Amino acid sequence: MNTTDSLLFVFAGGGSGGHLQPGLAIVAELQQRLPGSQFLFLCSGRPIDQQILSAAAAADPRIRWNVVAGSRGSSGLYRFMEPLRLSIECFRAVRLLRQQRPTVVIGLGARASLAGCLAARMLAVPVLLLELNCIPGTATRLLSRFAKLCLTGLPLAEEAVVAMHCAVEQAGVPVRPGIAALHGELYVAEPAQPRLLVLGGSQGAQTLNAAVLQSLETGTTLPGDWQIVHQAGDHEAAELRQRYQQLGLQARVEPYLREMAEELRSATLVVSRAGAGILAELACARRPAVLLPLPSSAGDHQRRNAGLFEFHKAAEVVETAAAAATVAAELRTKLARLSRDAEERQRMSVAAARMAVPQAVQHVVQRVLETIAAAD
């Protein structure tokens, strides 16, 4: 293997916290094992990438990042121009990686992973993929033709495994150290102050935000002593604060929650989307949850993810494909029941703990290091 000082680990992907945070969890483990290593993220141009990676780079100068990929567009013109855009992005990534001489490239998923992983293939740099959801995205399936191995988080659906073109191994979802540590710390105890934690994802979620507010409009959904912490996204935080004030509810509304371990530690019940990253964090934190899967997620993977946790009694699911009023009514019913039923929350907490893989990041890093050793 190369000397530690020369090791450069490149992570390709982004567009959401769910793609970047597992990469940063891997970085933290590699820093422990290989002090002096360097880390480069090739990400998208979305503001959330800049927000997360700027904070990481400020905390550790060994972490750098470059915008290589654009964001996915839905217009006909954008789709027509996509081959040209991807070609330009690949050229940019090849030029950058040729200068940087990476040891390995790890694909984190989504469209933003394509340029970096394809560039690595052109330069004969080993490629590993990280696929966290039950259904792999289009980018992961495409890149599996060029990868040594795909490490999965949640169990892949059988039809998804067949669609992959490289070896597939379940490792679990890499979780940030502070959150992984909650698995051994919390047991099934609840915080003294009951609190509802609402997570719309790192970029907020307009439909989830609206459903939560509508479910709380009666003022009787939650017991009177419950607090609310709501991650709302940059664009809706101010409006949601005003709405909570109008409803007379005690709520702390933030665009983005940076200290997620502490937020989970202080939560009694969680309302969340159903990306694999947040589900793994909920499992490590042993927190019961009501899940509202994003209906437009690629391959409907959030619904499959949520169904897995519901099957194991670790969460309850609200069907988000229904009309907005129906979604809000179902959410209201579940919140009213679970906020008053401590025994059911405890059963869900125990079930969530059984879903946790707090050592997943160690497994992933071991496979990364074995891939590097085999390539030398």
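Residues numbered from 1 in each chain as written. Predicted model: local features only at pLDDT ≥ 70, side-chain atom pairs only at ≥ 80, totals over all residues. Heavy atoms only, no water.

(A) A look at the packing of aromatic side chains. Following the criterion strictly, the structure yields two aromatic pairs and no others. Ring centres of Phe9 and Phe39 lie 5.8 Å apart, and the angle between their planes is 20°; on these two criteria the pair is classed as stacked. With Phe9 in strand E1 (residues 8-13) and Phe39 in strand E2 (residues 38-44), the pair connects residues that are 30 residues apart, well separated along the chain. Between Phe11 and Phe41, the aromatic rings sit 4.8 Å apart at their centres with planes inclined by 15°, giving stacked as the arrangement. Of this pair, Phe11 sits in strand E1 while Phe41 sits in strand E2, placing them 30 residues apart in sequence. Neither residue differs from the other here; Phe11 and Phe41 are each classed as buried. (Phe/Tyr/Trp six-rings, centres within 6.5 Å; stacked < 30°, edge-to-face > 60°. Helix = DSSP H or I, 4+ residues; strand = E, 2+ residues; numbered from the N terminus. Buried < 20%, exposed > 50% of the residue type's maximum accessible area, 1.4 Å probe, protein only.)

(B) How the structure looks around the environment of Glu310. Within the secondary structure layout, Glu310 lies in helix H13 (residues 301-311). Glu310 gets classed as partly exposed once you look at its relative accessible area, which sits at 35%. Through-space distance from the C-alpha of Glu310 to that of Arg286 is 14 Å; in sequence the pair is 24 residues apart. Not counting residues up to four positions away in its chain, the partners in contact with Glu310 are Ala315 and Val317. (Contact = heavy atoms within 4.5 Å.)

(C) How the structure looks around the sheet that holds strand E5 (residues 127-131). Spatial strand order, E3-E2-E1-E4-E5-E6-E7: seven strands in an open sheet with parallel pairing. Both outer strands of the open sheet, strand E3 (63-69) and strand E7 (167-170), are each paired with one neighbouring strand and no more. Put simply, the sheet's adjacent strands are angled 25° from each other on average, direction ignored. In the sheet, E2 pairs with E3 via six bridges, with the strands oriented parallel. Bridge pairing in E3 links Phe41 to Trp65. (Pairing = 2+ DSSP bridges. Axes fitted to C-alpha atoms, helices over the stretch in contact; angles between N-to-C directions.)

(D) Layout of the pairing of E1. Taking burial as the measure, the six residues of E1 include six buried ones, the bulk of the element. Residue alternation in E1 divides its side chains into two sets, Leu8, Val10 and Ala12 and Phe9, Phe11 and Gly13, and both sets are buried. Sheet analysis places E1 next to E2, joined by five bridges and oriented parallel. Within the sheet, the bridge partner assigned to Phe9 lies in E2 and is Phe39. For the handedness criterion, the β-α-β arrangement of E1, helix H1 (residues 17-33) and E2 is classed as right-handed. When E1 meets strand E4 (residues 104-109), the two strands line up parallel, connected through five bridges. When the sheet's bridge partners are listed, Gly13 is paired in E4 with Gly109. (Right-handed = clockwise from strand over helix to strand, strands pointing away.)

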